[in-house]
Amino acid sequence: MDIKKSRLYTATGDDGTTGLVGGMRVPKHSARLEAYGTVDELNSHIGLLVASLPASDDFDAERSTLRWVQHRLFDIGSALATPPQPDVTPKAGVDEQCISRLEHAIDEVDSFLPPFRKFILPGGTVAAAEAHVCRTVARRAERRITALAATEPVNPLTQRYMNRLSDYLFAAARFNNIKAAADEVFWEKDC
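About the cut-offs
- Residues numbered from 1 in each chain as written.
- Predicted model: local features only at pLDDT ≥ 70, side-chain atom pairs only at ≥ 80, totals over all residues.
- Heavy atoms only, no water.
- 1 Å grid on protein atoms, 1.4 Å probe; cavity = no way out; pocket = protein on both sides within 12 Å on 5 of 7 lines; lining within 4 Å.
- Points joined across faces, edges and corners; volume = space filled by probe spheres on them.
- Nonpolar A, V, L, I, M, F, W, Y, C, P; charged D, E, K, R; others polar.
- pLDDT = per-residue confidence, 0-100.
- Helix = DSSP H or I, 4+ residues; strand = E, 2+ residues; numbered from the N terminus.
- Phe/Tyr/Trp six-rings, centres within 6.5 Å; stacked < 30°, edge-to-face > 60°.
- Axes fitted to C-alpha atoms, helices over the stretch in contact; angles between N-to-C directions.
- Parallel < 35°, antiparallel > 145°, perpendicular 65-115°, else oblique.
- Left-handed = near helix turned anticlockwise from the far one by under 90°.
- Contact = heavy atoms within 4.5 Å.
- Salt bridge = Lys/Arg side-chain N within 4 Å of Asp/Glu carboxyl O.
- Buried < 20%, exposed > 50% of the residue type's maximum accessible area, 1.4 Å probe, protein only.

Colleague: Looking at this structure, how should I read empty space enclosed by the protein?
Modeller: Empty space among the atoms can be located by rolling a probe the size of a water molecule over them. Under the definition given, this model contains one cavity of 30 Å³ or more. What the largest cavity holds in volume is close to 60 Å³. If you go around the largest cavity, the residues you meet are Arg 32, Ala 79, Leu 80, Thr 82, Pro 84, Pro 90, Lys 91, Pro 153, Val 154, Asn 155 and Thr 158. Classifying every residue of the lining of the largest cavity by side-chain character gives six nonpolar, three polar and two charged.

Below, the structure written as structure tokens:
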């Protein structure tokens, strides 16, 4: 779908509101905007993660999965930016096949990883550290979505997908360190 070029500034949000799909205006601090805004923030971080991956073929599958995830996050953001209609199940932006594909990706990445017996701290390579940032932003997006779901209908598939995505990002962080032969950073209890 091509979008007609328009001015980057509209000034319609100067009053502290923003438009949802369909034209309804809501405060910029609304739970709905917090939810899809955090999904958008996650999408930006995933773009940074993709950019930080080594050019090696070892990371082609991860790069492909992350690009696919970015498209799904845009779909989820669009679904969340659409106000619910009475007696209509809200769109999820994803379906069961998307969740299955993400679970398969988790299993694929996990098959390369050694078991861990300690908590892992964010760090190692830049890509691994950024994957951990993505994981934490994904968890925050999930919290924002569940907060929205406490007051308005949200498709449960959206919540399931976001939950799996943070798991994938944890596995990806570990994979980036293992493939780069970088040490994982384990928590050492000091007190």
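Let us keep going from here.
Colleague: Help me understand the confidence of the model for the protein, please; the structure alone is not making it clear to me.
Modeller: In low-pLDDT segments, the atomic positions of the prediction should not be examined closely. Across the protein, pLDDT averages 87, with 86% of residues at or above 70. Mean pLDDT across the secondary structure elements of the protein bottoms out at strand β1 (residues 17–19), with 57, and peaks at helix α4 (residues 126–149), with 97.

Colleague: What exactly am I supposed to notice about the packing of aromatic side chains here?
Modeller: Each pair of aromatic rings is reported with the distance of its centres and the angle of its planes. The full count for this structure, using the stated rule, is four aromatic pairs. Relative to Tyr 161, the ring of Trp 68 has its centre 6.2 Å away and its plane inclined at 65°; by these criteria the two rings are edge-to-face. Here Trp 68, found in helix α2 (residues 60–80), pairs with Tyr 161, found in helix α5 (residues 156–179); they are 93 residues apart in sequence, far enough to count as distant. Aromatic ring contacts, followed pair by pair, group Phe 59, Phe 112 and Phe 175 into a single cluster.

Colleague: Which parts of the structure should I look at to understand the layout of surface pockets?
Modeller: Counted as a void, the second largest pocket has a volume near 190 Å³. Forming the boundary of the second largest pocket are Asp 58, Ala 61, Glu 62, Thr 65, Arg 101, His 104, Ala 105, Glu 108, Val 109, Phe 112, Tyr 168 and Phe 175. Counting only elements with at least two residues in the lining of the second largest pocket, the list comes to α2, α3 (96–110) and α5. Top element by residues in the lining of the second largest pocket is α3. It accounts for five residues. Looking at the lining of the second largest pocket, its residues break down into six nonpolar, two polar and four charged.

Colleague: How should I be thinking about the packing of helix α1 (residues 31–52) against α4 in this particular structure?
Modeller: The description of two packed helices rests on the angle between their axes and on the distance between the axes. Put simply, α1 and α4 touch, their axes get as near as 8 Å, and they point 165° apart. Between α1 and α4, the crossing angle belongs to the class labelled roughly antiparallel. Here the hand of the crossing between α1 and α4 comes out left-handed. Considering only residue class, the contact of α1 with α4 consists of 17 nonpolar, three polar and six charged.

Colleague: Looking at this structure, I do not really get the environment of Leu 53. What am I missing?
Modeller: By the secondary structure assignment, Leu 53 is in the loop between α1 and α2. Sequence-wise, Leu 53 and Glu 130 are 77 residues apart; in three dimensions their C-alpha atoms are separated by 9.7 Å. What Leu 53 contacts, discounting residues up to four positions off in sequence, is Phe 59, Glu 62, Arg 63, Leu 66, Ala 127 and Asn 176.

Colleague: Help me understand the pattern of salt bridges, please; the structure alone is not making it clear to me.
Modeller: Pairs may arise between side chains of opposite charge once their charged atoms sit close together. This structure, assessed with the given rule, holds ten salt bridges. In this structure, the salt-bridge partner of Arg 144 is Glu 34, at a minimum N-O distance of 3.5 Å. Of this pair, Arg 144 sits in helix α4 while Glu 34 is found in helix α1, placing the two residues 110 residues apart along the sequence. On the basis of relative accessibility, which here comes to 30%, the residue Arg 144 falls in the partly exposed class. Here Arg 174 makes a salt bridge to Glu 184, at a shortest N to O gap of 2.7 Å. Of this pair, Arg 174 sits in helix α5 while Glu 184 sits in the loop between α5 and β4 (185–186), placing them ten residues apart in sequence. Comparing Arg 174 with Glu 184, the two get one shared label, buried. Shared partners join several salt bridges into a network, and the residues in it are Arg 139, Glu 142 and Asp 167.

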